[in-house]
Amino acid sequence: MDISVIVPLYNEEESLPELFAWIDKVMNANNFSYEVIFVNDGSTDHSWQVIESLQKQSKHVKGIKFRRNYGKSPALYCGFEKAEGDVVITMDADLQDSPDEIPALYHMITKEGYDLVSGWKQKRYDPLSKTIPTKLFNATARAVSGIHNLHDFNCGLKAYRKEVIKNIEVYGEMHRYIPYLAKNAGFCKIGEKVVHHQARKYGTTKFGLNRFVNGYLDLITLWFLSKFGVKPMHIFGFLGSLMFIFGFLAVIGVAAMKLYNMYQGNPYSLVTDSPYFFLALTTMILGTQLFLAGFIGELIARNSPERNKYQIEKEL
């Protein structure tokens, strides 16, 4: 099979027939063998009934129905597991992603050798309250991930080689960082294509501004796991040791100052009367706790069944 199209959706009953008809038209015009996997993420409208109707009309339609709303990442994860196409395309169900982009995305994967191609909605039909935070978010994601050629990490329209989606795990709300996950898995040929962004035709957006806050927290988590996930002692142990040594030297400094004043006949006070003593003691305690956190993390990492799981591309 040439292409699997995965469409996660939540309450998009109006757009589904038009979207599938558009996808079907593009596929037939290019003689692609394909499947469309609709993942119904706990919709409360008639989206699932529409999917069932489409499945009766076409052998190309497959569906997954969640019992409740889990989010886009779980929807993509289940869609990736079910996908059989050599190239996997993801797109949103709200008709803001154009299926006309599919042939060019397919060509970039199969002919130009990209592992992953992400869409870039260079001209957006969104309010400033959405576009400005999006620009800041993408700038931060580029800096942290090191993927400097991507302008729109959160674009739903993406294309993947089948090997990519079978070797990454999308969980939580990590769908924003699939390019970063792919890079960490060893798939480094990541490209970008300017795609057409259409104004929403039906319904309202399902995402609020809180996704940007959650997005930054997820980015920090992913960065930390990619850098220190299997070697937590390298960060916690280092910081803990540094803080402990700094606090210890500060305690010695406070005690030395008292001894100096004593021998010089200068006025002096008890070591415990100095606020610097307690600051130094607190620093030592925090340093010890950080070191122990790293040690416990190291024990967990060494006993993890994933500790020796590596991405092997070929064997002879």
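Residues numbered from 1 in each chain as written. Predicted model: local features only at pLDDT ≥ 70, side-chain atom pairs only at ≥ 80, totals over all residues. Heavy atoms only, no water.

Moving on, we get to the sheet that holds strand 6 (residues 158-161). Ordered by their spatial adjacency, seven strands build an open sheet running 3-2-1-4-6-5-7, and the pairing between neighbours is mixed. One side of each edge strand has no neighbouring strand; the edge strands of this open sheet are strand 3 (61-65) and strand 7 (190-194). Geometrically, the sheet is characterised by an average inter-axis angle of 20° between neighbouring strands, direction not taken into account. In this sheet, strand 2 (residues 34-40) lies alongside strand 1 (residues 3-9) in parallel orientation, the contact comprising seven bridges. Following the sheet pairing, Ile3 is matched in strand 2 by Tyr34. Lying over the sheet, helix 2 (residues 47-57) contacts strand 1, strand 2 and strand 3, oriented at roughly 155° with respect to strand 3. Here helix 3 (residues 72-82) sits on the sheet in contact with strand 1, strand 2, strand 3, strand 4 (87-90) and strand 6, set at roughly 155° to strand 1. (Pairing = 2+ DSSP bridges. Helix = DSSP H or I, 4+ residues; strand = E, 2+ residues; numbered from the N terminus. Axes fitted to C-alpha atoms, helices over the stretch in contact; angles between N-to-C directions. Contact = heavy atoms within 4.5 Å.)

A few words now on the pairing of strand 3. The sheet contact formed by strand 2 and strand 3 spans five bridges and is parallel. Its bridge partner being in strand 3, Phe38 is matched across the sheet by Gly63. Taking the sense of rotation as the criterion, the β-α-β connection linking strand 2, helix 2 and strand 3 turns out right-handed. (Right-handed = clockwise from strand over helix to strand, strands pointing away.)

On to the nonpolar core, then. Core analysis: the biggest nonpolar cluster contains 35 residues, and Ile3, Val5, Phe38, Ile89 and Met91 have the highest contact counts within it. When contributions to this core are tallied by element, the ones reaching two or more residues are strand 1, helix 1 (16-29), strand 2, helix 2, strand 4 and helix 4 (102-110). Per-element tally for this core: the top contributor is helix 1, with seven residues. Dropping the residues within four chain positions of it, Met91 is found in contact with Val5, Ile6, Val7, Pro8, Leu19, Ile23, Asp97, Ser98, Pro99, Ile102, Gly156 and Leu157. Val39, Ala83, Leu150 and Ala182 belong to the second-largest nonpolar core, a separate cluster that totals 32 residues. (Core = buried A, V, L, I, M, F, W, Y, C linked by side-chain atoms within 4.5 Å. Buried < 20%, exposed > 50% of the residue type's maximum accessible area, 1.4 Å probe, protein only.)

Okay, unusual backbone geometry next. One can expect most non-glycine residues to show negative phi and most peptide bonds to be in trans. Even without being glycine, Asn11 reaches a positive phi, approximately 55°. One non-glycine residue, Asn31, adopts positive backbone phi at about 55°. Mapped onto the secondary structure, Asn31 falls in the loop between helix 1 and strand 2. Residue classification places Asn31 among the exposed residues on the basis of a relative accessible area of 67%.

Geometric descriptors of this kind do not, in isolation, establish any biological role.
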